[in-house]
Amino acid sequence: MKGLKGIVSVILVAALILSGLSGLGNGIKKRNTYYHYLTIAQESIEKGLYEQAIENYKKFLSYKKDKEVYQKIMEAYELFYQEEASAYVRRCYIEDMALAASAFPQNAEYWKKQIELYLEEQNDSKAYTVAKEAVNSRVKDEEIQKIYEGL
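Sequence order as written defines residue numbering, which begins from 1 separately in each chain. Totals for whole chains, interfaces and linings use every residue, but because this is a predicted model, local features are given only for residues with pLDDT of at least 70 and side-chain atom pairs only at 80 or more, for both listing and counting. Water and hydrogen atoms play no part in the side-chain values, which are based on all heavy atoms of the structure.

Visitor: Which parts of the structure should I look at to understand the overall build of the chain?
Guide: Check the secondary structure of the chain and you find seven helices and zero strands. Secondary structure of the chain in N-to-C order comes out as α-α-α-α-α-α-α. For the exposure calls, accessible area comes from a 1.4 Å probe over protein chains only, and a residue counts as buried if that area is under 20% of its type's maximum, exposed if over 50%, partly exposed in between. Going through the 151 residues of the chain one by one, you find that 31% of them count as buried. Looking at the chain alone, contacts between residues at least 24 apart form 48% of all its contacts between residues at least 6 apart. Strands here mean DSSP runs of E at least two residues long; helices mean DSSP runs of H or I at least four residues long; both are numbered from the N terminus. Only heavy atoms enter the contact rule, under which two residues are in contact if any of them lie within 4.5 Å.

Visitor: Help me understand the packing of aromatic side chains in this model?
Guide: For any two aromatic rings, the description comes down to two numbers: the centre-to-centre distance and the angle of the planes. Two rings from Phe, Tyr or Trp (for Trp, the six-membered ring) form a pair when their centres are within 6.5 Å of each other. A pair whose planes differ by under 30 degrees is stacked, one over 60 is edge-to-face, and the rest are tilted. Enumeration over the complete set of coordinates arrives at six aromatic pairs. With 5.9 Å between their ring centres and 75° between their planes, Tyr70 and Phe104 make a pair best called edge-to-face. Residue Tyr70 is located in helix H3 (residues 67-83), and its partner Phe104 is located in the loop between helix H4 (87-103) and helix H5 (108-120); the two are separated by 34 residues in the primary sequence. Aromatic pair Tyr81 and Tyr93: ring centres 6.4 Å apart, planes at 65°, arrangement edge-to-face.

Visitor: Any chance you could explain unusual backbone geometry here in plain terms?
Guide: Most peptide bonds take the trans form, and the phi angle of most residues other than glycine is negative. For Gln122, which is not glycine, the phi dihedral falls at a positive 60°. The class for Gln122 is exposed, based on a relative accessible area of 70%. In this model, Arg138 sits at a positive phi of 65°, which is unusual for a non-glycine residue. Structurally, the position occupied by Arg138 is in the loop between helix H6 (124-136) and helix H7 (142-150). What makes Arg138 exposed here is its relative accessible area of 60%.

Visitor: Can you help me understand helix H2 (residues 50-63) in this one?
Guide: Since the α-helix packs 3.6 residues into each turn, any two residues three or four apart lie on the same face. Given the number of residues in a helix, its expected span is that number minus one, multiplied by 1.5 Å. Across its 14 residues, H2 extends 21 Å between first and last C-alpha, which sits within 8% of the 20 Å expected from 1.5 Å per residue. Turning to H2, its buried residues are Tyr50, Ala53, Ile54, Asn56, Tyr57, Phe60 and Leu61. All buried residues of H2 project into a common sector of 165° when viewed along the axis, lining one side. Read the arc as the range of directions from the helix axis to the C-beta atoms.

Visitor: Would you mind showing me how to read the nonpolar core here?
Guide: Soluble, globular proteins show a tendency: their nonpolar side chains are buried together. We call a set of buried residues a nonpolar core when its members are Ala, Val, Leu, Ile, Met, Phe, Trp, Tyr or Cys and they connect through side-chain atoms within 4.5 Å of each other. Of all hydrophobic cores here, the largest spans 37 residues; its most connected members are Tyr57, Ile73, Tyr77, Met97, Tyr110, Trp111 and Ile144. Residue assignment for this core shows that the elements contributing at least two residues are helix H1 (2-47), H2, H3, H4, H5 and H6. For this core, the leading source of residues is H3, giving eight residues. When residues no more than four places from it in sequence are discounted, the contact partners of Ile73 are Ile54, Tyr57, Lys58, Leu61, Asp96 and Met97.

Shown next as structure tokens:
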């Protein structure tokens, strides 16, 4: 009976170790996958494929919210918008900056970019709404405060 308990104990310990190693392997694979998206995105930027870069940055964000990646998305949009200042690109830019602001509400840049883009399309009411949201989120920024009070 003692021998059977020992064998069962060894089997259980081995099963736990194997499951732990499997979980570790999956974690490493997942980490490599989302860092792969960053590499692809950077290569896309270098090739001038800004929309593709943004999509790959967003794939990374589906695994992990990261302030620096949102910053890279903003930089990619700046390049994309300089190249193609269309209503479509502006709309996508606004939407992604709204996501960035909701993920990192204290970062004034994301709020200001939305406001700037709304003002560019002469949509003062949307710009005011974003400024109000920023103020309500307790963003400390003089420009946003002036826009909020001035519109």
